[in-house]
Amino acid sequence: MGQRDTIRISLLYSSTGAYAALGREAIDGAMAAIAEVNSDPALPFRFEPVIADPGGSAERYAALAEEAIMRNQCRHVVGTITSWSRKEVLPIVERSGALLWYAFPHEGYEASDHALYLGACPNQHLIPLLDYVFPRFGGRPFVVGSNYIWGWEIGRIARELTDAAGGTVLSERYVPLGSVEVEHLIEEIRARKPDFVLSNLVGSSAAAFLKAYAALGRADSEFLPARRPVVSCNATETDLQDLGDAAEGHITTSIYFDRLDTPENHAFKARLADRFGARKLSSPFVSAHMAVSILANAVAEAGTDDPKAIRQLVTARRYDTPLGPLSIDPKTHHAALRSHLGRSNQAGEFEVIDSSPSPIMADPYLVHAQMQVSLAEPASSERHLPAAKSLKVIQ
């Protein structure tokens, strides 16, 4: 076999800090995909990962991205979790002509020629979530979030959607990213008695809140998840680890769950188990794996890792992924994604309770998207998440 070209790619995830568990999952997924690429003799190249750990500090992301691109000659950055860190990295990849592969849910209102967005935006996560929750629990949410752009913007959009549906946000509170001081939130929730809590908390803050909310439910059955659940757009199996009974009964939306019952997921899990051993998978793992795999397929077809050529190719193709066939809009650079709703159990898993019938086209600026339900409508056990074609315009 002839010598294979080596292509360096940056893996920029925090494996330490406030949301370290998510970063470690993403790195594991990316490295599993790199191992598959490098073991494929049909490919004329191999990937060399350049791994950097910003430690959960948003200020470090830009410097590490610049080092990866300028010093280590990486033309592709697979990474960042929070929107804060993504926005720190974007100017670097834009200035240098590199390409950012972003694979986490985000608040939208962004598009870049130098980024590919493989995670869900609000019309693919928040709108389907509220369409499901409002008719079943009511329209009086209490919103909590980490104090940065993800929490602020999801809170803002949730207020607009709640108002449009005829509901009322009872309160909106934020804590510093990584803070575990949440008792003041619990006390206000106890007093206000919301229909549900929309949590936009991240990492250790989310875990501390779920533990405290479970303690509230044990003390007062009014706050058991079956009556007043915690719902979110960003919880994963990783977030449920080590929570015990505090993990049970919460509702989240995601593009992937370990228990997703689809042929693509069964095949993917079997392939991974044969090579790396069986493990519980999460959306950070699968999304990062998917980003590296799509990049490898594009490089193989294009015969180059030039970011412009890769971007043009990727947005003109459909790729087989664990999520099913995936396409990326050439205008917005956002993936069309199928939304799923899961309810958590004590085993740290999400049982899938509803799914959109087909992928929802991304609408990152919410130009065409609107709630599908009014709080005047009765709840229906037959309601499904909306397909993209039925979305309307937000005013």
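What counts, and at which threshold
Residues numbered from 1 in each chain as written. Predicted model: local features only at pLDDT ≥ 70, side-chain atom pairs only at ≥ 80, totals over all residues. Heavy atoms only, no water. Helix = DSSP H or I, 4+ residues; strand = E, 2+ residues; numbered from the N terminus. Buried < 20%, exposed > 50% of the residue type's maximum accessible area, 1.4 Å probe, protein only. Polar contact = N/O pair within 3.5 Å; in protein donor to acceptor, adjacent residues only side chain to side chain. Phe/Tyr/Trp six-rings, centres within 6.5 Å; stacked < 30°, edge-to-face > 60°. Lys NZ or Arg CZ within 6 Å of the ring centre and 35° of its normal. Core = buried A, V, L, I, M, F, W, Y, C linked by side-chain atoms within 4.5 Å. Contact = heavy atoms within 4.5 Å. Salt bridge = Lys/Arg side-chain N within 4 Å of Asp/Glu carboxyl O. Pairing = 2+ DSSP bridges. Axes fitted to C-alpha atoms, helices over the stretch in contact; angles between N-to-C directions.

Enquirer: Outline the environment of Asp258, supporting the account with residue identities and numerical values.
Expert: Residue position: Asp258 is located in the loop between β10 (251–254) and α8 (263–276). Given a relative accessible area of 9%, Asp258 falls into the buried group. Sequence-wise, Asp258 and Arg279 are 21 residues apart; in three dimensions their C-alpha atoms are separated by 9.4 Å. At a separation of 2.8 Å, a polar atom in the side chain of Asp258 contacts the main-chain amide nitrogen of Leu281.

Enquirer: So what about the packing of aromatic side chains? Which residues, and what values?
Expert: One pass over the structure, following the stated rule, counts 7 aromatic pairs. Its guanidinium or amino end placed over the ring of Tyr109, Arg156 lies 5.0 Å from that ring's centre, counting from NZ or CZ. When the ring centre of Phe223 is taken as reference, the NZ or CZ atom of Arg228 above it lies at 5.5 Å.

Enquirer: I'd love a proper account of the nonpolar core, names of residues and values included.
Expert: Core analysis: the biggest nonpolar cluster contains 94 residues, and Phe47, Trp101, Leu118, Leu126, Val314 and Leu326 have the highest contact counts within it. For this core, the leading source of residues is helix α9 (residues 283–302), giving 11 residues. For Leu118, the residues in contact, after removing those within four places along its chain, are Trp101, Tyr102, Ala103, Ile255, Met290, Ala291, Leu326, Ile328, Ala335 and Leu337. Judged by nonpolar contacts, the second largest core, of 26 residues, contains Val144, Ile189, Leu240 and Phe257.

Enquirer: Break down the pattern of salt bridges for me, with residues and values.
Expert: One pass over the structure, following the stated rule, counts 25 salt bridges. Its salt-bridge partner being Glu36, residue Arg271 comes within 3.0 Å of it at the nearest N-O pair. One end of the pair, Arg271, is in helix α8; the other, Glu36, is in helix α1 (residues 20–38), with 235 residues separating them in the sequence. Glu36 gets classed as buried once you look at its relative accessible area, which sits at 16%. Note that Arg86 is salt-bridged to Glu107, the shortest N-O span being 3.0 Å. Linking Arg86 in helix α3 (residues 83–96) with Glu107 in the loop between β4 (99–102) and β5 (115–117), this pair joins segments that are 21 residues apart in sequence. Arg86 gets classed as buried once you look at its relative accessible area, which sits at 0%. Ionic contacts of the salt-bridge type, sharing partners, join the residues Arg86, Lys87, Glu107 and Glu110 into one network.

Enquirer: Please set out the sheet that holds strand β1 (residues 5–12) residue by residue, giving values where relevant.
Expert: Within the open sheet, the 5 strands sit side by side as β2-β1-β3-β4-β5. Their pairing is parallel. A strand with exactly one partner marks an edge of an open sheet, and here the two such strands are β2 (45–52) and β5. Recorded for the sheet is a direction-independent mean angle of 25° between the axes of neighbouring strands. Pairing geometry for strand β3 (residues 76–79) and β4, over 3 bridges, is parallel. The residue of β4 that forms the bridge with His76 is Leu99. The strands touched by α1 are β1 and β2; relative to β2, the strand with the most contacts, the crossing angle is about 160°.

Enquirer: Let's hear about unusual backbone geometry: which residues, and what values?
Expert: With a phi close to 70°, Thr80 is a non-glycine residue in the positive phi region. With respect to the helices and strands, the residue Thr80 is situated in the loop between β3 and α3. Even without being glycine, His333 reaches a positive phi, approximately 65°. In this structure, His333 sits in the loop between β12 (324–327) and β13 (340–344). Judged by relative accessible area, which is 3%, His333 ranks as buried.

Enquirer: Please provide a residue-by-residue account of the environment of Ile51, values included.
Expert: Within the fold, Ile51 resides in strand β2. Under the relative-accessibility criterion, Ile51 is labelled partly exposed at 48%. In the structure, Ile51 is positioned 28 residues away from Gly79 in sequence and 9.9 Å away in space, judged by C-alpha atoms. Not counting chain neighbours up to four residues away, the residues in contact with Ile51 comprise Leu11, Ile27 and Met31.

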